[in-house]
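Structural characterization, general
Listed below are the residues making up each chain.
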Amino acid sequence: MKKKQATIKDIARELKISHSTVSRALSEDRRVSALVAEKTRKRVQQKATELDYSPNLMAQGFVTGKTGTLGLQTYRIFQELYAYQADQVLRAADEQGYQVLIATMSPPHDLRSTSTPENQTRQIKQLLSRGIDGLFIHARGDEEESERILDVVRGRVPVVTFPYPTQNLSGVVEDAMANYYEATEHLIRLGHERIGFIGADWNTSAIGSAKAKGYLLAMQKHGLTPKRIPGKTFPIKPTQRLGKRLGDRFTALVCREDYTALIACRGLWEAGFRVPDDVAVIGNGNLEVAKYTTPALTTLAIPFEKIAQTAMKLMLEQLEGEETPRQITVRSPLIVRESCGARSRK
């Protein structure tokens, strides 16, 4: 038989005092608990321990307007990049005494994706219905996202987004354009001229296009011809065929993410090309496995902890009354490892 959870009224009945006194004695707000005599407060705390009492956050929320919980709308947390970021958000929230409720769906660039704008709206509504105090959103990056979020939240709770920019919302923005400009320039400084980019089209506003634009700007600055390999070809086509095509055309590759870079490395190896001796490769994300591959992968290291800590800072500002939204930009440092050390073939 399920044991009934003790309540404030149970403690009050046992001690023969009012439940309001018990409530004040157990309050985490010292100004409130100080209203109760020290002797009484200790009796209440002891009885609460005896009865294995734990506060009902939802019930407290009806009274105080706060539940001590935050929402996080993100994507498949079994994939490392999303899992790392979610983990850091949970850590940052815990440091401030908050619990986090998570809603997940497929990432928007997944070919089997269920990450439609409608699903995002539905998940945000579900999190709001749980009485959260604030909402973190791992943004999709589409043009209508800001308006969609504002329309469903309607100012009921503070919102902080990452890593794409959102209008009229506070957020942490990863400067993908600057990151990819730096990565491409690194290859150019090594002497490469035939550098390919695997990812989104720089002529669109599609998700990931900022990465492509960073690559494009670096190539144009140095008078080199940019060449794009559509990201959707990975990993559908046989890696050996892709590796042969890539190895014949390029001496270096800049990839949209570490998974894409690792698939490219595999395809090049299967086709008889060596990384980095024949083709240099750079990824994005700094997956844990990236430093253990042979060769170890050069990659842009997404600052997961910094993004989470900054997002929590923006959330606390709003919870404390700040109403003016602001965006804070972060950069991903380039971690240089073995995979970008190829000699250029003109």
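For the structure, see preceding data.
Before going into details, it helps to say that this report is about the structure given with it. Since the model is a prediction, treat every value here as computed from it, not as a measurement. Position numbers for residues count from 1 along each chain, tracking the sequence in the order it is written. Given that the model is predicted, a residue must reach a pLDDT of at least 70 before its local features are reported, and side-chain atom pairs must reach 80 or more before they are shown or counted; all residues, however, enter totals for whole chains, interfaces and linings. Water and hydrogen atoms were dropped before computing side-chain values, which therefore reflect all heavy atoms in the structure.

1. Here we look at the pairing of strand 4 (residues 159-162)
What counts here: Accessible area is worked out with a 1.4 Å probe on protein chains only. A residue is then buried under 20% of its type maximum, exposed over 50%, and partly exposed in between. Secondary structure elements are taken from DSSP: a helix is a run of H or I of four residues or more, a strand is a run of E of two residues or more, and numbering for both begins at the N terminus. DSSP-based pairing: two strands are paired if at least 2 bridges between them are found.
Of the two faces of strand 4, the one lined by Val159 and Thr161 and the one lined by Val160 and Phe162 are each fully buried. In this sheet, strand 4 lies alongside strand 3 (residues 134-138) in parallel orientation, the contact comprising four bridges. From the neighbouring strand, Phe136 faces strand 4, where its bridge partner is Val160. The pairing of strand 4 with strand 5 (residues 170-174) spans two bridges and is parallel. Counterpart to Val160 in the pairing with strand 5 is Ser170.

2. Digging into the sheet that holds strand 11 (residues 327-330)
Hydrogen bonds between backbone groups are what pair the strands of a sheet, and the pairing can be parallel or antiparallel. What counts is decided by this rule: Lines fitted to the C-alpha atoms define the axes, with helices restricted to the stretch that makes contact. Angles between their N-to-C directions range from 0 to 180 degrees.
Taking strand neighbours across the sheet as the criterion, the six strands line up as 2-1-3-4-5-11 in an open arrangement whose pairing is parallel. With partners counted over all chains shown, the strands left at the sheet margins are strand 2 (99-105) and strand 11, one partner each. The mean inter-strand angle of the sheet, taken between neighbouring strand axes irrespective of direction, is 15 degrees.

3. So, the nonpolar core
Threshold: The definition of a nonpolar core used throughout is a set of buried Ala, Val, Leu, Ile, Met, Phe, Trp, Tyr and Cys residues joined through side-chain atoms within 4.5 Å. Here, residues are in contact when the closest pair of their heavy atoms is within 4.5 Å.
By size, the foremost hydrophobic cluster in this structure holds 25 residues, and its most contacted members are Leu70, Leu72, Phe136, Phe162, Val172 and Met312. Mapped by element, the contributors of at least two residues to this core are strand 1 (69-75), helix 6 (80-95), strand 4, helix 13 (304-319) and strand 11. With eight residues, helix 13 is the largest single contributor of residues to this core. Apart from the residues lying within four places of it in its own chain, the contact partners of Val172 are Thr161, Phe162, Pro163, Tyr164, Ile307, Thr310, Ala311, Leu314, Ile328 and Val330. Formed by 19 residues, the second largest nonpolar core is a distinct cluster that contains Trp202, Met219, Val254 and Ile282.

4. Focus on a nonpolar patch on the surface
Heads up, the condition is: Patch rule: a residue counts if its relative accessible area is over 30% and it has no salt bridge; like charges are joined within 9 Å, and nonpolar side chains (Val, Leu, Ile, Met, Phe, Trp, Tyr) within 5 Å. Accessible areas in this description were obtained via Shrake-Rupley with a 1.4 Å probe; residue shielding takes into account the shown protein chains only. Here a salt bridge means any side-chain nitrogen of Lys or Arg lying within 4 Å of a carboxyl oxygen belonging to Asp or Glu.
Residues Ile77, Leu90 and Ile102 make up a contiguous nonpolar surface patch of about 220 Å² in total accessible area. Take Ile77: it is sitting in the loop between strand 1 and helix 6.

5. Topic: the packing of helix 9 (residues 176-189) against helix 10 (residues 209-221)
Rules: Here the angle decides the label: under 35 degrees means roughly parallel, over 145 means roughly antiparallel, 65 to 115 means roughly perpendicular, and every other value means oblique. Definitions for this section: a left-handed crossing has its near helix turned counterclockwise from the far helix by less than a right angle. A right-handed crossing has that turn clockwise. Classification used: nonpolar for Ala, Val, Leu, Ile, Met, Phe, Trp, Tyr, Cys and Pro, charged for Asp, Glu, Lys and Arg, polar for all others including Gly.
Running from N to C, helix 9 and helix 10 cross one another at 40 degrees; their axes reach a closest spacing of 7 Å. The pairing of helix 9 with helix 10 is recorded here as oblique in orientation. Between helix 9 and helix 10 lies a crossing whose hand is right-handed. Facing Ala176, Met177, Tyr180, Tyr181, Thr184, Glu185 and Ile188 of helix 9, the residues of helix 10 in contact are Ala210, Lys211, Lys213, Gly214, Tyr215, Leu217, Ala218, Met219 and Lys221. The residue inventory of the contact of helix 9 with helix 10, partitioned by class, reads 10 nonpolar, two polar and four charged.

6. Let's talk about the sheet that holds strand 7 (residues 227-230)
With mixed pairing, six strands are arranged side by side in an open sheet as 7-6-8-9-10-12. At either margin of the open sheet sits one strand with a lone partner, and together these are strand 7 and strand 12 (334-335). The pairing of strand 6 (residues 195-199) with strand 7 spans four bridges and is classified as parallel. Residue pairing for strand 7: Phe197 is matched across the bridge by Arg228. Contacts from helix 9 reach strand 6, strand 8 (252-255), strand 9 (280-284), strand 10 (298-300) and strand 12 within the one sheet, and its direction differs from that of strand 8 by about 170 degrees.

7. Here's the deal with helix 12 (residues 258-270)
Convention followed: A helix is expected to span 1.5 Å multiplied by its residue count minus one.
Relative to the 18 Å expected for 13 residues at 1.5 Å per residue, helix 12 spans 18 Å between its end C-alpha atoms, a close match to the ideal helical length. Burial in helix 12 covers these residues: Asp258, Thr260, Ala261, Ala264, Cys265, Gly267 and Leu268. Looking at the buried side of helix 12, the elements it contacts are strand 6, helix 11 (239-249), strand 8, strand 9 and strand 10. Directly after helix 12, the chain includes Gly272, whose backbone phi takes a positive value near 95 degrees.

8. Considerations on unusual backbone geometry
Cis geometry is adopted by the peptide bond preceding Pro163, which originates at Phe162 and carries an omega value of -5 degrees. With respect to the secondary-structure elements, Pro163 resides in the loop between strand 4 and strand 5. For the bond running from Thr294 to Pro295, omega is 0 degrees, close enough to zero to count as cis. Not every positive phi belongs to a glycine, and Arg154 is a case in point at roughly 55 degrees. Residue placement: Arg154 occurs in the loop between helix 8 (145-153) and strand 4. Overall, the relative accessible area of 61% leaves Arg154 in the exposed class. Even without being a glycine, Asn286 presents a positive backbone phi close to 60 degrees. With respect to the secondary-structure elements, Asn286 resides in the loop between strand 9 and strand 10.

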